[in-house]
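In case you want the letters, here they are:
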Amino acid sequence: MPEKTLLSTTDLKTDTHYRRLEDLNLLDDFLFQQMLLQEDIGEEFCRILLSTILEKPIRNVHVIPQKNIPGIDTHQHGIRMDAYIETVPDEPSLSGESLLDAEVIPAIYDIEPNKRYERDTLPRRMRYYHGLIDTQLLASDMSYKALPEVVIITILPYDPFGKNRMVYTIQNQCVEESSLPYDDGAKKIFLYTKGTEGNPSQKLRDMLRYIEETTEDNITNQDIAAVENLVNKVKRSKEVSISYMKSWEWEQMIREEATQEGRQLGKEEGITEATQKSIKIFIETCREFGASKEDTLSKLMEKYHLSANDTQDYVERYWS
């Protein structure tokens, strides 16, 4: 995802101080991403989340973590989807019917936990996300009817629209005739973890509380208990622990070195040169701490709002 602006209220906290891996919550980007990256864990985790959020059984899903979709051309923004999820129909029985009463029409879901405050840009950001996602879904010889439903789900610890609702579902409609059916298959769901208005299910209320505060005390049902078991497996993983330490050290070094160099260059050479120097430090630090080129490309594009082409050029220039 593109770089996000920090919230300057007491409702959110920035992660500039070290936190132990075991203290992270699912609303923290690192833990959420690690849940998805573990192949034996990510699909079950997303299946439970979708079933709880949509309030219907979801049987099979295919998950692509950190899916990157480039801009239409090399000079336009791309996006990174935290959890790109495709529902998969169940195997048919001999009679041709689905084996389970579950989601059988393929659909695309993107789940985006977001601790960064970007209330002013959310609507247009979601518009851009939908547009780019659709460009990947329809081949030139396919009918528009083949476009699957696309639902972007954003989980927030702040109220995006100021109405204190836990669930905000956004769909297109006719302004003059609000009851006129108009289903273009595009939907946005914003989940405010502290919302009290509306009538969300108790299971959703409990799940959002657990996502925001991922502790044993917030286990209230079997689904959350199952997620807790998956979380514990991830937190106990030696590979994840090493990745977390590298991530923290590398981000700290980037923050300190880029800030110091950027301030100096900003005085001496101007913003453009300062940004280029910061990018160079970012890439060199990623390489030093063992990040792959692919991961560096993704993080660089997100942090500096670069086009795919410019990002590739910078990595090739500064990697060696």
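Residues numbered from 1 in each chain as written. Predicted model: local features only at pLDDT ≥ 70, side-chain atom pairs only at ≥ 80, totals over all residues. Heavy atoms only, no water.

## What to know about the packing of helix α2 (residues 39-54) against helix α5 (residues 222-235)
The geometry of α2 relative to α5 is characterised by a closest axis approach of 10 Å and an angle of 150° between their N-to-C directions. Accordingly, the angle class assigned to the pair α2 and α5 is roughly antiparallel. Of the two possible hands of crossing, α2 and α5 adopt the one that is left-handed. Contacts from Ile-41, Glu-44, Phe-45, Ile-48 and Thr-52 of α2 reach α5 at Asp-223, Ala-226, Val-227, Leu-230, Lys-233 and Val-234. (Axes fitted to C-alpha atoms, helices over the stretch in contact; angles between N-to-C directions. Helix = DSSP H or I, 4+ residues; strand = E, 2+ residues; numbered from the N terminus. Parallel < 35°, antiparallel > 145°, perpendicular 65-115°, else oblique. Left-handed = near helix turned anticlockwise from the far one by under 90°. Contact = heavy atoms within 4.5 Å.)

## Side note on the confidence of the model for the chain
Per-residue confidence for the chain gives a mean pLDDT of 77, with 72% of residues at or over 70. With pLDDT under 50 throughout, residues 1-15 is counted as low confidence; its partners more than four residues away or in other chains account for 39 contacts. In the predicted structure, residues 265-271 sits below a pLDDT of 50 and forms five contacts with residues beyond four places in sequence or in another chain. (pLDDT = per-residue confidence, 0-100.)

## Some details on the pattern of salt bridges
As enumerated under the stated definition, the model contains eight salt bridges in all. One salt bridge in this structure joins Arg-47 and Glu-44, with 3.0 Å as the shortest N-O distance. You can see Arg-47 and its partner Glu-44 sitting in helix α2, three residues apart, about one turn around the helix. The exposure class of Arg-47 is partly exposed, given its relative accessible area of 22%. According to the relative accessible area criterion, Glu-44 is partly exposed, its value standing at 32%. A salt bridge links Glu-149 to Lys-187, with the nearest nitrogen and oxygen atoms 3.9 Å apart. Here Glu-149, found in strand β4 (residues 149-156), pairs with Lys-187, found in strand β6 (residues 186-192); they are 38 residues apart in sequence, far enough to count as distant. Members of the salt-bridge network, linked through shared partners, are Arg-20, Glu-22 and Asp-23. (Salt bridge = Lys/Arg side-chain N within 4 Å of Asp/Glu carboxyl O. Buried < 20%, exposed > 50% of the residue type's maximum accessible area, 1.4 Å probe, protein only.)

## Considerations on the pairing of strand β3 (residues 107-113)
Of all seven residues in β3, seven are buried; the element is thus mostly enclosed. Residues Ala-107, Tyr-109, Ile-111 and Pro-113 point to one face of β3 and Ile-108, Asp-110 and Glu-112 to the other, with burial holding for every one of them.

## Concerning the nonpolar core
With 41 residues, the main nonpolar core has Leu-26, Met-35, Phe-45 and Ile-153 as its most contacted residues. Here Leu-26 is in contact with Leu-31, Phe-32, Met-35, Phe-45, Pro-113, Tyr-210, Ile-211, Thr-214, Val-227 and Val-231, once residues within four sequence places are set aside. (Core = buried A, V, L, I, M, F, W, Y, C linked by side-chain atoms within 4.5 Å.)

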